[in-house]
Amino acid sequence: MQSYDAVVVGGGISGLSAAYALRRRGLNVLVVEAGHAVGGTMRSEVTPDGFVLDFGPNTVASKDPALWQEFAALGIEGERMAADRRGGRRFILLNGKPALIPTSPPQLLTSPLLTPAAKLRMLAEPLLPRAAAADESVAAFFARRLGRAPAERLVDPFVSGVYGGDPHATSMRAAFPTLWAAEQRAGSLLVGMLTAPRGPRRAKGEPRPRNVLFSFPEGLAAWPRAYARALGSEHVWTDAKATRLRPADGAWQLTVERGGRTSTVEADTVVLATPAYVTAGLVERLDAGAAAALRGIPYAPMAVVHLGYDRARVAHPLDGFGLLCPAVERRKVLGILWPTSLFPERAPEGAVLTTSFVGGSRMAALAALGDEALIALTRAEHEAILGASGAPRMARVTRWSQAIPQYVAGHSGRVATLGEIEARWPGLHLLGNYRGGVSVAACWRSGVALGERIAAQQHEARGVV
């Protein structure tokens, strides 16, 4: 039986960042990944004709110097590509046409996205009472605080774009904890955000970190691949399925199926960085309540459709990050990204690339359509919204049957239950985008923090300074 200081089950960005933090602190760590490659939904491909496709996340935004330092240690900081400044321009569909999202009060005043009456209604926000309930839906929260029109036109597409979710089902307290806390603390979103505790002060003359939207020349999958290289093949098992977890004499034993053989590994610490529904099966024998809480976290399906067009065949200038579609527009795509506006190298010369998202909680059935139907549907939306014409020169469909965890009503209680199993079983940790945020940056931060905390505990237990 092989023994390790820690075993991480799941080779997505959460698990890999935790494993790398452990490895850098001198611990012997193993990553067990059921898929053919690490990265989870962070998958990329360069097509023979030169299109660079990301099948999950397309970009990451961060201003954390620690991330750039980590890239330098991994040897990929020099490859990091900052997006074109046009990436700051984002659009929401209004009456079938892309309208620029306002990013400042003056832009909001002149924006066609809201009527004058809706804008005046927003000014009343500081005068409204705080919520009396312990939680409410995102739609109800913003309709109450800002009015129905901002909730439908501005918040709804954001929730569908980030979570693939339905704002009428998404928990405000779980999905937007900072905004929920601002209202609870100050009785107003505006006042709460203005009076929020500040972070550490910068040294005199120290520049303010700027948020950077980035990727890599061959897609975001370069990041998890760099983790795998740094950890070494003997510490990263792919095509390896964890089937059983059990405590044994103060340690943990994990049964793994790999290459047609079953083996058992032992470790002081086990990090389960798998989707909630997978983690549920591994903890079932330890805590049925925690397993039920994990199974109670629904996942939204998503189809990702890439289309490559000759530039001349798309009328819209594609001068931004992309567009989102509010439910009131009744479109069949949740949104369309414009990768070549951020990174021109994403397509061969004279071509543009778009990435469309179909499905989510509200339109789950569309994600299950056949490839031809999904391509036809997406082409029709491109023709109507972006003025595309003719057949695309490249089309690709990718499906995720369980793409994004949904922070629906009761999510905070389910997450609290997971904390209880961790307290009951020392050395067991649950990690993933179903707690702490679904963004790539949030997953990375959670993984690093957990890895460093585990390493400190193990070093302290061994008397290592």
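Preceding this section is the structure that the text describes.
Let us look at the structure shown here. For every chain, the first residue of its written sequence is number 1, and the numbers climb from 1 along that sequence. Per-residue local features are limited, in this predicted model, to residues with pLDDT of at least 70; the limit for side-chain atom pairs, both in listing and counting, is 80 or more; totals at the level of whole chains, interfaces and linings are taken over all residues. With hydrogens and water set aside, each side-chain value is computed from the structure's full complement of heavy atoms.

Side note on the environment of E422
Secondary structure follows DSSP: runs of H or I at least 4 residues long count as helices, runs of E at least 2 residues long count as strands, and numbering of each begins at the N terminus. Tracing the sequence through the fold places E422 in helix α16 (residues 411–424). Measuring from C-alpha to C-alpha, the distance between E422 and A290 comes to 9.8 Å, with 132 residues separating the pair along the chain. Residues are treated as being in contact if the distance between any of their heavy atoms lies within 4.5 Å. The residues contacting E422, other than those within four sequence positions of it, are L428, H429, L430 and R435. Side-chain atoms alone can form a polar contact between residues adjacent in sequence; in general such a contact is a pair of N or O atoms within 3.5 Å, and within protein one must be able to donate a hydrogen while the other accepts it. Within the structure, the side chain of E422 is placed 3.1 Å from the side chain of R435, a separation counted as a polar contact.

Focus: the packing of helix α1 (residues 13–24) against helix α17 (residues 440–462)
The geometry of α1 relative to α17 is characterised by a closest axis approach of 7 Å and an angle of 35° between their N-to-C directions. Both α1 and α17 take part in a crossing whose hand is right-handed. Between α1 and α17, the residues in contact are I13, S14, S17, A18, A21 and L22 and V440, C443, W444, G447, V448, G451, E452, I454 and A455, respectively. Taken together, the residues of the contact of α1 with α17 break down into 10 nonpolar, four polar and one charged. Only the contacting stretch of a helix is used when fitting its axis, a line to C-alpha atoms as for every element, and angles between N-to-C directions run 0 to 180 degrees. Handedness of each helix crossing follows the sense of rotation of the near helix against the far helix: counterclockwise by less than a right angle gives left-handed, clockwise gives right-handed. Any residue that is not Ala, Val, Leu, Ile, Met, Phe, Trp, Tyr, Cys, Pro, Asp, Glu, Lys or Arg is counted as polar, Gly included; the first ten are nonpolar and the last four charged.

Considerations on a nonpolar patch on the surface
Patch membership requires more than 30% relative accessible area and the absence of a salt bridge. Residues of like charge join within 9 Å; the nonpolar side chains Val, Leu, Ile, Met, Phe, Trp and Tyr join within 5 Å. To be clear on the numbers: accessible area is Shrake-Rupley with a 1.4 Å probe, and residue cover counts the displayed protein chains and nothing else. Only one rule defines a salt bridge in this text: a Lys or Arg side-chain nitrogen within 4 Å of an Asp or Glu carboxyl oxygen. Taken together, the side chains of L190, V191 and L194 make up a nonpolar region of the molecular surface, amounting to roughly 270 Å² of accessible area. Turning to its location among the elements, L190 is positioned in helix α9 (residues 189–194). The exposure class of L190 is partly exposed, given its relative accessible area of 47%. Throughout this description, buried means an accessible area under 20% of the type-specific maximum (1.4 Å probe, protein chains only), exposed means over 50%, and partly exposed covers the range between.

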